[in-house]
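Breakdown of the fold
Letter by letter, the chains look like this.
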Amino acid sequence: MSSEIYRSASRAARSLLSYASKHKHLVPSKGRTAAAAAAVSFKGTLPALASSTNASNRWIAGALALPAAAYMLQDQEAHALQMERTFIAIKPDGVQRGLISEIIERFERKGFKLVAIKLVVPSKAFAQKHYYDLKDRPFFNGLCNFLSSGPVLAMVWEGEGVITYGRKLIGATDPQKSEPGTIRGDLAIVVGRNIIHGSDGPETAKNEINLWFKPDELTNYTSNQEKWTYGVN
């Protein structure tokens, strides 16, 4: 069991223990003991107590099962904490507005690592490959025309949860709906000029990185800041 799964399960067990302590009149003493044990030493296995006819034992079984259920519900969160790579592109409007350093700085300040970068002017045919999943949308042709209208800064960033949290840094597709503090929320106004693109999932990230970069254009190195960003896990 990964450390992420263990942490999710332990958090659920500690929440259960807190509830048990505050509602002692509702929770049997054996149940409180089980909750405490789960919070301290849950290892991902469940005791075979569910078939017991004793009410306290049934409650204990439920107490120990809760962390596992919590893990399943938090599976997406655990996945987001994996070391991964994502594709980020500053679109022609972002390049022309001189926002390259501003955008790169935000990813660097977060603690993510730049592993590939290049400035290119994509052809319309290439833009059609990039937006292939939107080919049936009425705005597809306009998207491709715009992406191929000028230089694009293509990048690959690496870090724990960089796909999910990179999207949070970018903000909603519509800048009007993006929170202040996000890239689009601070630097863009309309959807058609939202300055930046980011992969929306692991499969998309893999496909977009392979489309924009050759394998030998991706670098592998250890950044000096990693020990200060992640610590000892």
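Numbering of residues begins from 1 in every chain and follows the order in which that chain's sequence is written. At least 70 in pLDDT is required for a residue's local features to be given in this predicted model, at least 80 for side-chain atom pairs to be given and counted, and no such filter applies to totals for whole chains, interfaces and linings, which use all residues. To obtain the side-chain values, all non-hydrogen atoms of the structure were included, while hydrogens and water were left out.

For the rest of this paragraph, the subject is the overall build of the protein chain. Secondary structure elements are taken from DSSP: a helix is a run of H or I of four residues or more, a strand is a run of E of two residues or more, and numbering for both begins at the N terminus. A tally of regular secondary structure across the protein chain gives 12 helices and four strands. The buried share of the protein chain, reckoned over its 233 residues, is 40%. Sequence-distant contacts in the protein chain: of pairs separated by 6 or more residues, those separated by 24 or more amount to 76%. A 1.4 Å probe and the Shrake-Rupley method give the accessible areas. Residues count as covered only by the protein chains that appear here. In the structure as shown, the protein chain presents an accessible area of about 13,200 Å², 54% of it carried by carbon and sulfur atoms. Summary of the burial criterion: residues with accessible area below 20% of their type's maximum are buried, those above 50% are exposed, and those between are partly exposed, where the area comes from a 1.4 Å probe applied to protein chains only. Contact criterion: two residues are considered in contact whenever any of their non-hydrogen atoms come within 4.5 Å of each other.

UniProt positions are given in the numbering used here, feature names are shortened, and annotations may be inferred rather than shown by experiment. When the UniProt feature table is mapped onto this chain, "active site" (unreviewed entry) is found at His197. Overall, the relative accessible area of 15% leaves His197 in the buried class.

With respect to the element layout, His197 can be found in strand β4 (residues 196-198). N or O atoms within 3.5 Å of each other form a polar contact, as long as, within protein, one can give a hydrogen and the other can take it, and as long as residues adjacent in sequence are counted only when both atoms are side-chain atoms. Separated by 3.0 Å, the side chains of His197 and Glu208 make a polar contact. When residues no more than four places from it in sequence are discounted, the contact partners of His197 are Phe87, Ile88, Ala89, Lys91, His130, Ile170, Arg184 and Glu208.

In the sections that follow, a salt bridge refers to a side-chain nitrogen of Lys or Arg positioned within 4 Å of a carboxyl oxygen of Asp or Glu. Here the structure, examined in full by the defined rule, presents eight salt bridges. Close ionic contact of Glu105 with Arg109 constitutes a salt bridge, the shortest N to O distance being 3.6 Å. One end of the pair, Glu105, and the other, Arg109, are both in helix α6 (residues 100-110), four residues apart, so they sit about a helical turn from each other. Arg109 sits in the exposed class, given a relative accessible area of 62%. Within the structure, one salt-bridge network assembled from shared partners comprises Arg85, Lys113, Glu158 and Glu226.

This part takes up the pairing of strand β1 (residues 83-90). Burial analysis of β1 places six of its eight residues in the buried class, which makes it a mostly covered element. Here a strand pair is declared whenever DSSP counts at least two bridges between the two strands. As judged from the eight bridges shared by β1 and strand β3 (residues 152-160), these two strands associate in the antiparallel manner. From the neighbouring strand, Thr86 faces β3, where its bridge partner is Trp157. The sheet contact formed by β1 and β4 spans three bridges and is antiparallel. Counterpart to Ile88 in the pairing with β4 is Gly198.

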